[in-house]
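A look at the structure
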Amino acid sequence: MPQAPEQTWSLRYGDCKAKTLLLLAILDRLGVEAQPALVHSTIGDTLPDRLPTLGAFDHVVVQAMIGGTEYWLDGTTAGTHIEDLADVPPFRYALPLTTAGHDLSALPVRRPARPDLVVDIAYDQSAGTAFPPLFDLSFTMRGELAARITGMKAQVTPEQLRDFTQGMLASLINNGQIHTRTIESDEAKGTATIRASGIGNLLWARDEPRPYLALDGLIADFTITADRTRAAWRDIPLSGGSSRVMLRTVSLKLPPRAGFVTEGDAQADMTIAGVAMHRDTKLDGARLDFSESIWSSGAEVAVDQLPAARAQVAAAKQRAFRIRAPQDYASRVEEIAEAKKSKRLAPLLAAYQKAIDDDPDKAKGYINRAVFYEGIFEPRAAAADIGEALKREADADTYIRRAGLYSDLGDFKLSLADIEKALELDPGSETALDYKIRLLADLEQYDDALALVDTQIDSAKDKRGWIGLKADALGRMGRKEEGAALIDETLAARPGDPMLLNELCWLKGTRSFALESALKDCTRALELTDDPAQVLDSRAMVFFRLDRLEEARADLDAALKINPSIPGSLYMRGIIRMRGSDRAGGQADLALARMQNGRIDADYARFGIVP
């Protein structure tokens, strides 16, 4: 029995029965036609298949008719405002309680009056496509979620707010870093808004000649997962879930370069499997604006409609929206060189500093900036930040990261010291053991390097990488034939392995022996590999040794077309250009190679190759 309306009003508390009775009493005095209706709060779509028993229900709401519109009012729901009264709760079926009796009623499918979630992101990608963008973001919620956020706002500490916003918004900014955040509540609208600023990630793909950015939030992650392989499942419809409207608006400030274009469905208006999707976009010079709305109606999809729905999804994915860079756009390494020269990276570094200042006792801010410095080929600055991170939180991976930076700087002793610390924390780390073998060879401690790599070869299931390391160490020691014989022996057990064939070709090319057989090794590897860039680079080395420079240049051009930033390929092409008539082009290639790898001259000098 529900408590009396007077008691609910006095206590300012009541369960669903009490609140329903209070609401019915008020509506009755207002002359509004209304009645209670039983529902199930979580599995309402199963009600038509259940026996007519009171146990089929766990909740009661009010069904009211106002101005010709049917309302389903849940007195226990927080955050409901006048604009939202006609929204239909997600109960699917209800049993109106009337003295005459009533059948189950299907709740109507009705688009919510306001979006449940609104995301607005302004990205600044003007530094270039090779860099993370700055962003300002607002995330607005209404209803129960807004009520919870508002209630939490007054109770959280700054540290809890930092962790909460980073976790809640991470997927929206591709795991970028937030340095400023606030929570705002609007009681009049019944909304809560999280505002955040920071530096994010927009992942421009460079597997095609012109970089592009996929921005399709409508269809990119849309899937229809409905396993109907078992006979008992074949007639079960696909649940549409709860009715919800989401709105996303994005503005993107592009690099100051004419020629950016959009591809795919710049304008879209489609409904698939009960989900209505709409997109509007506008590209104006160096600014892109677009908005996307998604209404998941909650409608079920019958089994016989699933094939057509899947076909619609597949067709829409073929027209996915993206923006593409202009013709002849700079490669990633060229863009980095240009941005450093023109000092366009200062705002990004300022954002990383804000993130560090926001939480100076944590390692994360320093690691994120170190990753950025690594990405722009500044190993000394990156190593300094990793050092700060290690003061706050030391782990094996972070020591390995700094070891790699010290190695890039040519400080092999410091690098080895960090690797030893990493191995103390994680003795089985194959990454650290790989580094240690290479560093021992760099320090000309060949006996120790060979002893360690032999131990790994004896215990490893996949021995190929360790075999390559041992062959390289033998080559450095002047025992190149032994190294080649070791790879040949391994190839006998794994004939046609492209990784081993490439290792053999590279060893012969860099140590300049058995060159005709090296060509066969590389050509065979090219026929078998799915990643030809490195093999083309190896074969170019062999052609260079044979003084077949045009063929070497052709292989290097092909490798750089696949991956325009391979330092070794740029270096060797620079040398070939310098020996021909393209001195300016050669100098440009060498500069880009040296920017990426400060040791590259010393590395190739070991092979007897100098510009």
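Residues numbered from 1 in each chain as written. Predicted model: local features only at pLDDT ≥ 70, side-chain atom pairs only at ≥ 80, totals over all residues. Heavy atoms only, no water.

A closer look at the packing of helix H16 (residues 498-511) against helix H18 (residues 532-545)
The following threshold applies: For every element, the axis is a line fit to its C-alpha atoms; helices are fit only across the contacting stretch, and the angle between N-to-C directions ranges from 0 to 180 degrees. We count a stretch as a helix when DSSP gives it H or I for four or more residues in a row; a strand needs E for two or more, and each element gets its number in order from the N terminus. When describing relative orientation, an angle under 35 degrees is termed roughly parallel and one over 145 degrees roughly antiparallel, while 65 to 115 degrees is termed roughly perpendicular and anything else oblique. Left-handed describes a crossing in which the near helix is turned anticlockwise from the far one by less than a right angle; the clockwise case is right-handed. Pairs of residues are marked as contacts when any of their non-hydrogen atoms sit within 4.5 Å.
H18 packs onto H16 with a crossing angle of 30 degrees between their chain directions and a minimal axis gap of 8 Å. Considering the angle they form, H16 stands roughly parallel to H18. Here the hand of the crossing between H16 and H18 comes out left-handed. From H16, Asn502, Cys505, Trp506, Gly509 and Thr510 reach across to H18, where they touch Gln534, Val535, Asp537, Ser538, Arg539, Met541, Val542 and Arg545.

A closer look at the nonpolar core
Soluble, globular proteins show a tendency: their nonpolar side chains are buried together. Formally: Among the buried residues, those of types Ala, Val, Leu, Ile, Met, Phe, Trp, Tyr and Cys that are joined through side-chain atoms within 4.5 Å form a nonpolar core. Partly exposed describes any residue whose relative accessible area lies between the buried limit of under 20% and the exposed limit of over 50%, with all areas from a 1.4 Å probe on protein chains only and scaled to the type maximum.
Ranked by internal contacts, the top residues of the largest apolar core, which has 90 residues, are Phe131, Leu345, Trp466, Ile487, Met572, Tyr604 and Ile609. Sorting elements by how many residues they give to this core places H18 first, with eight residues. In this view, Phe131 contacts Gln125, Glu335, Ile336, Ala339, Leu345, Leu348, Phe372 and Ile376; residues no more than four positions away in its chain are not counted. With 33 residues, the next largest nonpolar core counts Leu117, Ile121, Leu169 and Ile194 among its residues.

A few points about the state of the cysteines
Keep this limit in mind: The definition used for a disulfide is geometric: two cysteine sulfur atoms within 2.5 Å.
All told, the structure shown has one disulfide when counted by the stated rule. What pairs with Cys505 in a disulfide is Cys522, and their sulfur atoms sit 2.0 Å apart. The sign of the S-S torsion, about -100 degrees, decides the handedness of the disulfide formed by Cys505 and Cys522: left-handed. Taken together, the residues Cys505 in helix H16 and Cys522 in helix H17 (residues 515-528) connect sequence positions 17 residues apart. Exposure class is identical for Cys505 and Cys522. Each is buried.

Considering the packing of helix H20 (residues 567-579) against helix H21 (residues 583-596)
Note the threshold: Three classes are used, and their members are as follows: Ala, Val, Leu, Ile, Met, Phe, Trp, Tyr, Cys and Pro are nonpolar, Asp, Glu, Lys and Arg are charged, and the others, Gly among them, are polar.
Where H20 meets H21, the closest approach of the two axes is 7 Å, and the angle between their N-to-C directions is 155 degrees. When the axes of H20 and H21 are compared, the pair comes out roughly antiparallel. The way H20 lies across H21 gives a crossing that is left-handed. Across the interface between the two elements, Pro567, Leu570, Tyr571, Arg573, Gly574, Ile575, Arg577 and Met578 from H20 touch Arg583, Gly585, Gly586, Gln587, Asp589, Leu590, Leu592, Ala593, Arg594 and Gln596 from H21. Here the residues of the contact of H20 with H21 are counted per class, giving eight nonpolar, five polar and five charged.

Overview of the pattern of salt bridges
What counts is decided by this rule: By convention in these notes, a salt bridge is any Lys or Arg side-chain nitrogen within 4 Å of a carboxyl oxygen on Asp or Glu.
Within this structure, the stated rule accounts for 48 salt bridges. The salt bridge partner of Asp265 is Arg319, with a shortest N-O separation of 2.8 Å. Of this pair, Asp265 sits in the loop between strand E12 (261-263) and strand E13 (268-272) while Arg319 sits in the loop between helix H5 (306-318) and strand E16 (322-324); the two residues are 54 residues apart in sequence, bridging distant segments of the chain. Note that Glu527 and Arg524 form a salt bridge whose closest N and O atoms lie 3.4 Å from each other. Taken together, the residues Glu527 and Arg524, both in helix H17 and three residues apart, mark about one turn of the helix. Three or more residues joined by partner-sharing salt bridges are found here, namely Arg553, Asp557, Arg573, Arg577, Asp582 and Asp589.

Structural notes on the environment of Ile272
Residue placement: Ile272 occurs in strand E13. Using a relative accessible area of 1% as the deciding quantity, one classes Ile272 as buried.

From the geometry alone we can't say anything about function, so treat these as descriptive.
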